Amino acid sequence: MPELTISPEKVTFLIEKAREFDVKEQATDDDSGSNAVDDDMIDVLQDSGDDPVVREITGFINAMSEDEQTDLVALMRLGRGDGDIDEWDDLRREAAGQRDRHTARYLLGEPMLGDLLAEGLDAFGIDWTEGRTTADSSSPSQRDEDEITKQ
């Protein structure tokens with residue numbers, strides 16, 4: 001089994017952020033107020049040129065080493081079905097050969113990036129859901145109820 005140079009935790013973070021980005025839609029609220037609550041949170045899922053999620057993803061990817069960025073692109077392509085785990089070295093070589101591209105922009109242009117990265121990790125046998133970075137948003141009473149049903 002080949003090895004990743006990028007940590008599964010970094011990929012997990014990107015999966016979650018990419019999924020936040022993927023649910024965005026074109027702006028539809030032309031009369032936007034200055035406060036999301038005042039607008040019934042309509043603007044939260046709208047894609048704008050000044051998207052903090054895009055800036056966060058871009059900054060995170062740009063801070064990675066070249067090897068990590070190469071693995072990230074190869075992992076996305078593995079998840080997309082451009083090859084299988086036995087062809088990892090070829091996928092990596094191909095990704096490294098295209099280093100003249102801006103990696104973050106290239107990856108953000110890929111629809112369903114989060115799902116593709118998750119599929120790539122699955123091909124490595126890595127369960128990315130174990131170390132999730134997002135908080136449990138269910139209410140305390142719902143968590144208690146869930147715990148009771150698990151027993």
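Here the structure is a predicted model, which means the values were calculated and not measured.

Reading the values: rules and limits
Residue positions are given per chain, counting from 1 as you read along its sequence in written order. Local features in a predicted model are, by the rule used here, given only for residues with pLDDT of at least 70; side-chain atom pairs are given and counted only at 80 or more, and totals for whole chains, interfaces and linings are based on all residues. Only heavy atoms go into the side-chain values, all of them from the structure, while hydrogens and water stay out. The secondary structure listing takes helices from DSSP runs of H or I that are at least 4 residues long and strands from runs of E that are at least 2 residues long, numbered from the N terminus. Under the scheme applied here, a residue whose accessible area is under 20% of the maximum for its type counts as buried, over 50% as exposed, and between as partly exposed, the area being computed with a 1.4 Å probe on protein chains only. By definition in these notes, contact holds between two residues if any of their heavy atoms fall within 4.5 Å. To be clear on the numbers: accessible area is Shrake-Rupley with a 1.4 Å probe, and residue cover counts the displayed protein chains and nothing else. In this description, a line fitted to the C-alpha atoms serves as the axis of each element, helices being fitted only across the stretch in contact, and the angle between N-to-C directions of two axes falls anywhere from 0 to 180 degrees. Any angle that falls under 35 degrees is termed roughly parallel, while one over 145 is termed roughly antiparallel, one within 65 to 115 roughly perpendicular, and all others oblique. In the scheme used here, Gly and all other residues not listed as nonpolar or charged are polar, with Ala, Val, Leu, Ile, Met, Phe, Trp, Tyr, Cys and Pro taken as nonpolar and Asp, Glu, Lys and Arg as charged. For our purposes a nonpolar core is just a set of buried Ala, Val, Leu, Ile, Met, Phe, Trp, Tyr and Cys residues, chained together by side-chain atoms within 4.5 Å. Salt bridge, as applied in this entry: a Lys or Arg side-chain nitrogen positioned within 4 Å of an Asp or Glu carboxyl oxygen. Per-residue confidence from the predictor is reported as pLDDT, a score between 0 and 100. Multiplying 1.5 Å by the residue count of a helix minus one yields the expected span of that helix.

*Asks:* Even after reading the chapter, I still don't get the overall build of the protein, so can you show me in this structure?
*Replies:* On a plain count of helices and strands, the protein comes out with 7 helices and 2 strands. Listed by position from the N terminus, the elements making up the protein come as α-β-β-α-α-α-α-α-α. Within the protein, the proportion of its 151 residues that are buried is 34%. Counting only contacts in the protein whose residues sit at least 6 apart along the sequence, the fraction spanning at least 24 positions is 69%. Taken as a whole, the protein presents about 9300 Å² of accessible surface, with 46% of it coming from carbon and sulfur.

*Asks:* I'm lost on the environment of Gly83 in this one. Help?
*Replies:* Topologically, Gly83 is positioned in the loop between helix H3 (66–80) and helix H4 (88–97). Excluding residues that lie within four positions of it along the chain, Gly83 makes contacts with Arg77, Leu78 and Leu91.

*Asks:* Got a minute to help me understand the packing of H3 against helix H6 (residues 113–123) in this structure?
*Replies:* To describe two helices that pack against each other, one gives the angle between their axes and the distance between the axes. Two numbers describe how H3 lies on H6: the axes approach to 7 Å, and their chain directions differ by 90 degrees. Taken together, the axes of H3 and H6 lie roughly perpendicular to each other. Two secondary-structure elements touch here, H3 through Leu72, Leu75, Met76, Leu78, Gly79 and Arg80 and H6 through Leu113, Leu116, Leu117, Glu119, Gly120, Leu121 and Ala123. A class-by-class count of the residues in the contact of H3 with H6 yields 9 nonpolar, 2 polar and 2 charged.

*Asks:* Looking at this structure, I do not really get the nonpolar core. What am I missing?
*Replies:* Grouped burial of nonpolar side chains is what soluble globular proteins tend to show. Val11, Leu72, Leu75, Trp88, Leu107 and Leu117 are the most contacted members of the largest nonpolar core, which totals 32 residues. Of all the secondary-structure elements, those providing two or more residues to this core are helix H1 (8–22), helix H2 (52–62), H3, H4, helix H5 (103–108) and H6. Among all residues touching Leu117, those that are not within four sequence positions of it are Val11, Leu14, Ile15, Leu72, Leu75 and Met76.

*Asks:* Please clarify how the pattern of salt bridges should be interpreted in this entry.
*Replies:* Pairing between side chains of opposite charge can happen when the charged atoms of each approach one another. Under the counting rule described, the total for this entry stands at 10 salt bridges. In this structure, the salt-bridge partner of Glu68 is Lys10, at a minimum N-O distance of 2.7 Å. Placement of Glu68 in helix H3 and of Lys10 in helix H1 is noted, with a sequence separation of 58 residues between them. By relative accessible area, Glu68 is classed as buried at 12%.

*Asks:* Hey, could you run me through unusual backbone geometry in this one?
*Replies:* Glycine aside, residues mostly have negative phi, and peptide bonds are mostly found in the trans state. Of note in the backbone geometry, Met112 takes a positive phi value of approximately 65 degrees without being a glycine. Mapped onto the elements, Met112 comes out in the loop between H5 and H6. Residue classification places Met112 among the partly exposed positions, given a relative accessible area of 44%.

*Asks:* I keep staring at the confidence of the model for the protein and nothing clicks. Help me out?
*Replies:* Should the pLDDT be low somewhere, the predicted coordinates at that spot are not to be read in detail. Confidence along the protein averages 78 in pLDDT terms, with 65% of residues attaining 70 or more. Predicted confidence is poor over residues 44–48, with pLDDT under 50, and the contacts of this stretch with residues over four places away or in other chains come to 14 contacts. Throughout residues 135–139 the model reports pLDDT below 50, and contacts reaching past four residues in sequence, or to other chains, amount to 2 contacts.

*Asks:* Any chance you could explain H3 here in plain terms?
*Replies:* Counting along an α-helix, one turn takes 3.6 residues, and residues three or four places apart therefore face a common direction. Over its 15 residues, H3 runs 21 Å from end to end, which matches the ideal 21 Å to within 8%, given 1.5 Å per residue. In terms of residue burial, H3 counts as a mostly covered element, since 12 of its 15 residues are buried. Turning to H3, its buried residues are Glu68, Gln69, Thr70, Asp71, Leu72, Val73, Ala74, Leu75, Met76, Arg77, Leu78 and Gly79. Against H1, H2, H4, H5 and H6 lie the buried residues of H3. Gly81 sits one or two positions beyond H3 and adopts a positive phi of about 95 degrees.

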